[in-house]
Amino acid sequence: MTVTIKNNEAIEKMRVAGRLASQVLDFIQPKIKAGVTTEEIDKICHDYMVNVQQTIPAPLNYAPPGHSPFPKSICTSVNHVICHGIPGAKKLKNGDSINIDITVIKDGYHGDTSRMFHVGEPSIQSRRLASLTYECMWAGIAQIRPGAHLGDIGSAIQKLAESAGFSVVREFCGHGIGTTFHEDPQVLHYGAAGTGMRLEPGMIFTVEPMINAGKRDIRQLADGWTIVTKDHQLSAQWEHTVLVSETGFEVLTVSDETPEPPNGLTFAV
Ligand code: MF3
Ligand code: CO
Ligand code: CO
């Protein structure tokens, strides 16, 4: 496992890319309503990235080994879709929950972030799952400081998710990020504290737990990308890109509308 340590110049570019990714979510938020299709959301985001921000949407034509090129510019994962949902012709309806996952490239560097949104009035379970998943992401981020272990992050997330009666998806994880979209290390969202690589200042990776209301088992659809819960129950995900700083962490995917961290936490320590 080769983890790149970013220098100050790279870190500054990652701050810019992270803020831009988050600003796409700010921009799309008011447009998420019943009757809108996920391909309309994709088009609006694509045009904003390319024409206004002059960023490159990293998902478009992204083709890791064993995958066909991803056909759209963002991922839209609705209800029981865990991740990598492909925007399409289906209209959002009242009560749906949707994860929108944005990755932009600016000046060669990637910013990767996702948020949950509710269409109209969510069910109690859907609201609870999205908010618990948000707390899981932050419980993981709160572990980050030089000398901590990668396993501290996964352990904190798993404990909180399972104590709420939910389950953690294991097949997908957070990842190092920089001039490449997905690089080492793999950041598992489960595991044991005190295990795994030690964190060092200058590492940058994502924390992006996928939490299921029911069982953790997944299924991939025939489109080769979309991942759904096998039991068809709801799934939620949030994602930030985070720098290991000299003193702790700095969340890089922050903009005006980023939801505040939960109880006593801050974007940088
Ligand atoms: N943004 C996703 C992540 O958080 C990856 C999406 S890959 C794509 O890692 F091709 F589906 F866009
Ligand atoms: Co990611
Ligand atoms: Co992402």
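Residues numbered from 1 in each chain as written. Chains lettered and ligands numbered in written order. Predicted model: local features only at pLDDT ≥ 70, side-chain atom pairs only at ≥ 80, totals over all residues. Heavy atoms only, no water.

Caption draft 1: Quick look at the packing of aromatic side chains. Following the criterion strictly, the structure yields six aromatic pairs and no others. Here Phe-27 and Tyr-48 contribute two aromatic rings whose centre-to-centre distance is 4.0 Å and whose plane-to-plane angle is 10°, an arrangement assigned as stacked. Taken as a pair, Phe-27 in helix 1 (residues 8-28) and Tyr-48 in helix 2 (residues 38-53) lie far apart in primary sequence, 21 residues in all. For Tyr-48, a relative accessible area of 18% gives the class buried. (Phe/Tyr/Trp six-rings, centres within 6.5 Å; stacked < 30°, edge-to-face > 60°. Helix = DSSP H or I, 4+ residues; strand = E, 2+ residues; numbered from the N terminus. Buried < 20%, exposed > 50% of the residue type's maximum accessible area, 1.4 Å probe, protein only.)

Caption draft 2: Up close: the sheet that holds strand 13 (residues 235-237). The three strands lie next to each other as 6-10-13, forming an open sheet whose pairing is antiparallel. Among the strands making up the open sheet, the edge pair consists of strand 6 (167-168) and strand 13. Here strand 10 (residues 210-212) runs beside strand 13; their pairing, made up of three bridges, is antiparallel. Following the sheet pairing, Ile-211 is matched in strand 13 by Ala-236. Docked against the sheet, helix 3 (residues 124-141) engages strand 10 and strand 13, running at close to 40° with respect to strand 13. (Pairing = 2+ DSSP bridges. Contact = heavy atoms within 4.5 Å. Axes fitted to C-alpha atoms, helices over the stretch in contact; angles between N-to-C directions.)

Caption draft 3: Expanded view of the pattern of salt bridges. Tallied over the entire structure, the rule returns nine salt bridges. Arg-127 serves as the salt-bridge partner of Glu-121, at 3.0 Å between the closest nitrogen and oxygen. For Glu-121, a relative accessible area of 56% corresponds to the exposed category. Overall, the relative accessible area of 44% leaves Arg-127 in the partly exposed class. A network of salt bridges, in which partner residues are shared, links Glu-9, Lys-13 and Asp-107. (Salt bridge = Lys/Arg side-chain N within 4 Å of Asp/Glu carboxyl O.)

Caption draft 4: View of the coordination of the cobalt ion (ligand 2). The protein atoms donating to the cobalt ion (ligand 2) are Asp-112 (OD), His-175 (NE2), Glu-208 (OE) and Glu-239 (OE), with metal-donor distances spanning 2.0 to 2.2 Å. Of note is the cobalt ion (ligand 2), whose six donor atoms meet at the metal with angles of 51 to 162° in an arrangement that counts as irregular. In primary-sequence terms, the residues that donate to the cobalt ion (ligand 2) follow D-x62-H-x32-E-x30-E. The cobalt ion (ligand 3) is placed at 3.4 Å from the cobalt ion (ligand 2), the two being bridged by Asp-112. (Donors = N, O, S within 2.8 Å, 3.2 Å for Na, K, Ca; no water. Tetrahedral: all angles 85-135°; square planar, octahedral: opposite > 155°, others 65-115°.)

Caption draft 5: Highlighting the sheet that holds strand 3 (residues 81-83). Here we have three strands laid out as an open sheet, ordered 3-12-11, and antiparallel in their pairing. A strand with exactly one partner marks an edge of an open sheet, and here the two such strands are strand 3 and strand 11 (218-220). Adjacent strand axes in the sheet meet at a mean angle of 40° when their direction is disregarded. Where strand 3 meets strand 12 (residues 227-229), two bridges bridge the pair, whose relative direction is antiparallel. Bridge pairing links Val-81 to Val-228 in strand 12.

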